[in-house]
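# Chain and residue survey
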Amino acid sequence: MRWTATPQTAAKKSALLDKTNADALQQEITNRIDQQPVRYNLEFTFANSNDNENDPTTSWPEQRLKVNAGTIVINAWESQNGGACNDINFNPLVLPEGIQPTEDPILRARSATYAESLHRRAKETLLNKHSSGEMQ
Amino acid sequence: MNKSTAYPSSAKFFHWLMAIIIICMLFLGVSMVESLATWQITALALHKSLGVLVLVLVVLRLINRVFITAPALPTDLPHWQTFAGHLTHLGLYTAMIAMPLSGWLMQSADGRLVSVFGLFNLPKLIDSDLALYGLFREMHGFIAWGFVLIILMHVGAALYHGLIRKDHVLKSMLFSGKNRKPF
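Below is a short write-up of the structure. Just so you know, these numbers come straight off a predicted model, no measurement behind them. Sequence positions are assigned chain by chain, starting from 1 and proceeding in written order. Here chains are named by letter from A upward and ligands by number from 1 upward, in the order in which they appear as written. Residues qualify for local features only when their pLDDT is at least 70, as the model is predicted, and side-chain atom pairs are given and counted only at 80 or more; totals for whole chains, interfaces and linings, by contrast, use all residues. Excluded from the side-chain calculation are hydrogens and water; included are all heavy atoms of the structure.

To continue, consider the overall build of chain B. In terms of regular secondary structure, chain B is built from four helices and two strands. The helix count covers DSSP runs of H or I at least four residues long, the strand count covers runs of E at least two residues long, and both are numbered beginning at the N terminus. The order of helices and strands in chain B, counted from the N terminus, is α-α-α-β-β-α. Its C-alpha atoms put chain B at 50 × 30 × 30 Å along the principal axes. Counting contacts in chain B only where the partners sit at least 6 residues apart, residues at least 24 apart contribute 71% of the total. Whether two residues are in contact is decided by their heavy atoms, any of which lying within 4.5 Å being enough.

What follows deals with the packing of helix 1 (residues 9-33) of chain B against helix 2 (residues 40-67) of chain B. Residues and elements named next belong to chain B. Axis definition: a line fitted to C-alpha atoms, over the contacting stretch in the case of helices. Angles run 0 to 180 degrees between N-to-C directions. Taken N-terminus to C-terminus, the directions of helix 1 and helix 2 make an angle of 150°; their axes are 10 Å apart at the nearest point. Classified by the angle their axes make, helix 1 and helix 2 are roughly antiparallel. Seen along the crossing, helix 1 lies across helix 2 with a hand that is left-handed. Residues belonging to the contact of helix 1 with helix 2 are distributed by class as follows: 18 nonpolar, seven polar and one charged. Throughout this description, any angle smaller than 35 degrees is read as roughly parallel, any larger than 145 degrees as roughly antiparallel, any in the 65 to 115 degree range as roughly perpendicular, and the remainder as oblique. Rotating anticlockwise by less than a right angle from the far helix to the near helix defines a left-handed crossing, while the corresponding clockwise rotation defines a right-handed one. In the scheme used here, Gly and all other residues not listed as nonpolar or charged are polar, with Ala, Val, Leu, Ile, Met, Phe, Trp, Tyr, Cys and Pro taken as nonpolar and Asp, Glu, Lys and Arg as charged.

Our focus in this paragraph is helix 3 (residues 79-109) of chain B. In this scheme, a helix's expected span is set at 1.5 Å multiplied by one less than its residue total. Here helix 3 of chain B is 31 residues long and its end C-alpha atoms lie 43 Å apart, about the 45 Å a rise of 1.5 Å per residue gives. Directly beyond the C-terminal end of helix 3 of chain B, a positive phi value near 75° is found at Gly111 of chain B.

This part takes up the sheet that holds strand 1 (residues 2-7) of chain A. Pairing between the strands of a sheet is mediated by backbone hydrogen bonds and can be parallel or antiparallel. Residues and elements named next belong to chain A. Whether two strands pair depends on DSSP finding at least two bridges between them. If you trace the three strands from one edge of the open sheet to the other, you get 1-2-3, paired in antiparallel fashion. The open sheet has two edge strands with one neighbour each: strand 1 and strand 3 (66-74). Taken over all neighbouring pairs, the strand axes of this sheet differ in orientation by 25° on average, direction set aside. By the bridge criterion, six bridges tie strand 1 to strand 2 (residues 38-45) in an arrangement that is antiparallel. Bridging from a neighbouring strand, Trp3 pairs with Phe44 of strand 2.

Residue and element names in this part refer to chain A. Within this document, salt bridges are pairs made up of a side-chain nitrogen of Lys or Arg and a carboxyl oxygen of Asp or Glu, the two lying within 4 Å of each other. The final tally for this structure, using the stated rule, is eight salt bridges over all chains. For Lys66, the salt bridge is made with Glu62, and the minimal N-O distance between the two is 3.5 Å. Only protein chains enter the accessibility calculation, which uses a 1.4 Å probe. A residue is then buried if its area is under 20% of the maximum for its type, exposed if over 50%, and partly exposed in between. For Lys66, a relative accessible area of 34% gives the class partly exposed. The exposure class assigned to Glu62 is exposed, which follows from its relative accessible area of 65%.

Right, dumping it as structure tokens:
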């Protein structure tokens, strides 16, 4: 099974983004969320027995069974620094019961990479907490 | 006076079993945190299980240590070398306890249970806290490098005794027929 989240309204063309701003993409999405909720269609695609589940670089034929699994609605945003996302390890192998990962090696590589980014974020959080504690 | 020149078999058993596991664990630990390979997940699970085994073994070893008599160091050894030897042993025991404990604490702070060979889970020691995860994660790494340093000193000293001074110190921990003693 693969899934996609497709935006219901397209983002601005990249040509219209402010290329001098390092946070241009982030600013574009937050501006849109401020105007109205941003919606995505969540769609599941089911593999046939002869489809390769483990190689994310091969696409499956168009006629595979697709199911609309719901709509993702983003109503609000907050800064990443100090936000709720800070403490989360976005490890794609931490899955709820009933969902099993495939043998896809990219999942393993991402798991290791996210572990390292959590490690660095934890170190930053520790050091910031320590230095802000000293200033008080 | 203690006249034995060798450690009892129980001490040798703990020493060599733990030496093998710990050296494997240090290499495994250093290589798995740098790796994006598919075996990384399996390595992590193995690392955690073996870490629990080390913690159990070091507790048993310390209990055993109370009951055995360690052979005395040569009396002609310079005072600073005797002192350095005791300090190294203290450092080794401290690291053997601090490594698995900091590992267990960092897993708890990250909100994860430590699974022991898939048989059962260890309870969480503390609540999830990113800053504490950072603290114990850093400690785990620093202690590991300190551990490597102390092991190198320990091996260096053992070889110095065995190859240069040619005294009983290295032999006291080796399995040789002559020094074999009952429990």
